[in-house]
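# Chain and residue survey
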Amino acid sequence: MSASSELLATMAVIAAGAMLGRLQIHGIRLDVAAMLLLGVGVAHFGVTLSPALGLFGLLLFLYTVGVRSGPALRNMDRRDFQLAAVGFGIILVAMGGVVSLGRLLGVPLLVSLGSYAGFFGSGAALALLEGAAGGGGASAAFAVSAPIGAVFIMVLVQIWLALSQKRITGELDEWNRTMAAEQEHSESATLLVEQDEVLGQSLRDLRLGCQVLWVTRDKTSIAASADTVLMKNDVIHVSGSREGVENTIKRVGRGIPPLPASSAQIVVRKFFVSNPRAIEKRLEDLLLRERYGATVTRIRRAGINLRAHHGFRFRWGDRIQVSVPADRIDDLRQLFGDDAHGLETFAFPRAALVIFVGGLLGALPIQLGAAGSLRLGPALGVLVVSLITSALHRTGPMVWSQSGPTTRLMSQIGLPLFLAQIGNESYTGLVQSWDEYGSILFVLAVAPILFVALLVVLAGRLFRYGPLTVLSLLPTVAMNTPALINLQDKFREKIPSHVYATVYPVVALGLLLVMFGLSFWV
């Protein structure tokens, strides 16, 4: 087939695979595994897909893995590290079980590892195995294991959820009580200064019992400080507990309808928190409303949405959405860091630069003394460079972070390209492996499911995790995003999202590093 015919065939397989993968039967779907299966199917009829597009898809997908994982790993606290370590330990022990089972059944290590990579649907792990050993053994086992693992995990999550519903209710009640205790409930009000006893006095002397956000005087909003002196007919904007606000109204004057903090047009902008001035600062300490007339409306950290509440501390890499007067945008950019909109114009060139540097790194020989040398290869090289640059966020004027929508789009382009092509390439090996191993491939496909499920239960009991945390850990360790999304949609609490954001990066990267190390033994 010509290069143009291969390209068109690749596009056709991806389009058909996307439609097939979206079909649901009792809430279960193949998702991207459908593209791998269609790649195998068209190979049976002699259709060849584009190897160049497959490689491009792999490197682009690995780039997005690094972009997502770098900031998440940097922002983890001690409890998060414990949960992530549990997830990594589970995949190590389960891998040992699968490899041992494969040896008992007389299956080569490459085939066992390919089946294990298929359980996770990790095309990156498969690429490391195929790049090290060549041949179709790993990809053939992957092609069998990927759809079986995806379907079985989704079914198991649904059954587990039905059996654990009563115990999950208890964990949710405790979660809600904890969240309520951590959040300080506050009210805000706009007051007209009328009482004579407060006129001419500073806020420091008055000790009002609530925070004055800003003062409007003669239609001009000014920042409130401890030295601000109240005058007749000033309008003050306050926030605090209900009791504090009510007492302030009695002392100062009377409540009136809210006034805008600025006469400028109010716009919504997104920012990346990267400036040390804002990192680890509490929301109320930044005085956003009194200084800028701004309100934080949304915070996204490591893939989950957080509430902007009293006492919230910003971390590096937080993505925040702010409503702010148009004439104060530059001031907020200086405070928080980078305007998220500014990243979009350079999104793909930034990715191309990282992929290029990662490819060069993968091609460099690493000397091991008398043992010779090794090369990381383009796959691991791109992943390493992507991780480092995304964790740094920026070097000088160069910003390496990508917005969430851009990262997801690149991932949705890269992974289908790779899976369709690797499935197509593995057809010959799949036929040979099936003739040689037959139903053993199904045994190796089911084994990781049983091992991981058992280890998740044991970890939950050992570390006393709640039932919903344990249930969320299963699709997270299996890297089965559709199963986790189905679980998350059933609960307004963020337990599944938190587990996923904490464990997924460590499991994904740990799996690749382990596969890379084992690739030297196959």
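Before reading on, note that the structure itself is shown above.
Given the structure is predicted, the values throughout are model-derived calculations rather than measurements. (Residues numbered from 1 in each chain as written. Predicted model: local features only at pLDDT ≥ 70, side-chain atom pairs only at ≥ 80, totals over all residues. Heavy atoms only, no water.)

### Describing unusual backbone geometry
For residues besides glycine, phi is generally negative; the peptide bonds are generally trans as well. The test is simple: Each helix corresponds to a stretch of at least 4 residues labelled H or I by DSSP, and each strand to a stretch of at least 2 residues labelled E; elements are numbered beginning at the N terminus.
Within the chain, Asn233 stands out as a residue other than glycine whose phi angle is a positive 70°. Structurally, Asn233 can be placed in the loop between strand E3 (220-223) and strand E4 (235-240). Despite not being glycine, Arg464 shows a phi value in the positive range, around 60°. Within the element layout of this structure, Arg464 appears in the loop between helix H17 (440-463) and helix H18 (467-477).

### Side note on the pattern of salt bridges
Which entries qualify depends on this criterion: Salt bridge, as applied in this entry: a Lys or Arg side-chain nitrogen positioned within 4 Å of an Asp or Glu carboxyl oxygen.
Counted according to the given criterion, the structure contains 7 salt bridges. Of the charged contacts in the structure, one is a salt bridge between Arg217 and Asp234, with a shortest N-O distance of 2.6 Å. Taken together, the residues Arg217 in strand E2 (residues 211-217) and Asp234 in the loop between E3 and E4 connect sequence positions 17 residues apart. Through salt bridges that share partners, Arg282, Glu284 and Asp285 make up one connected network.

### A few points about the packing of aromatic side chains
Think of a pair of aromatic rings as described by two things: how far the centres are apart, and how the planes are tilted against each other in angle. Rules: Working definition: rings of Phe, Tyr and Trp (its six-membered ring) pair if their centres are within 6.5 Å, and the pair is stacked with planes under 30 degrees apart, edge-to-face with planes over 60 apart, and tilted otherwise. Throughout this description, buried means an accessible area under 20% of the type-specific maximum (1.4 Å probe, protein chains only), exposed means over 50%, and partly exposed covers the range between.
Tallying each qualifying case throughout the model produces 7 aromatic pairs. When the centroid spacing of 5.5 Å and the interplanar angle of 80° are considered together, the rings of Phe312 and Phe314 count as edge-to-face. Here Phe314 falls in the buried class, since its relative accessible area comes to 0%. Summarising the aromatic geometry, the rings of Phe463 and Tyr465 are spaced 5.8 Å apart at their centres and angled 20° between planes, so their arrangement reads as stacked. For Tyr465, a relative accessible area of 18% corresponds to the buried category. Here the aromatic residues Phe271, Phe312, Phe314 and Phe336 are joined through ring pairs into a cluster of three or more.

### A closer look at the packing of H17 against H18
Let me state the cut-off plainly: Axes, fitted as lines to C-alpha atoms, cover a helix only where it is in contact. Angles between the N-to-C directions of the axes lie from 0 to 180 degrees. What makes a crossing left-handed is the near helix being turned counterclockwise from the far one by less than a right angle; a clockwise turn instead makes it right-handed. Two residues form a contact once any of their heavy atoms are found within 4.5 Å. Each residue receives one of three labels: charged for Asp, Glu, Lys and Arg, nonpolar for Ala, Val, Leu, Ile, Met, Phe, Trp, Tyr, Cys and Pro, and polar for the others, Gly being one of them.
Relative to each other, H17 and H18 sit at 145°, their axes nearing to 9 Å. Between H17 and H18 lies a crossing whose hand is right-handed. Along its contact with H17, which presents Val452, Ala453, Val456 and Gly460, the element H18 presents Val470, Leu473, Leu474 and Val477. Counted by class, the contact of H17 with H18 contains 7 nonpolar, 1 polar and no charged residues.

### Let's talk about a nonpolar patch on the surface
Heads up, the rule is: Exposure above 30% relative accessible area and no salt bridge define the residues that can form patches, which grow by joining like charges within 9 Å and nonpolar side chains of Val, Leu, Ile, Met, Phe, Trp and Tyr within 5 Å. With residues, only the protein chains shown are counted as cover, and all accessible areas are computed by Shrake-Rupley using a 1.4 Å probe.
The grouping of Phe56, Phe348, Leu409 and Ile413 at the surface amounts to a nonpolar patch, some 360 Å² of accessible area in total. Inspection of the secondary structure puts Ile413 in helix H15 (residues 404-425).

Bear in mind that shape data such as this cannot, by itself, settle questions of function.
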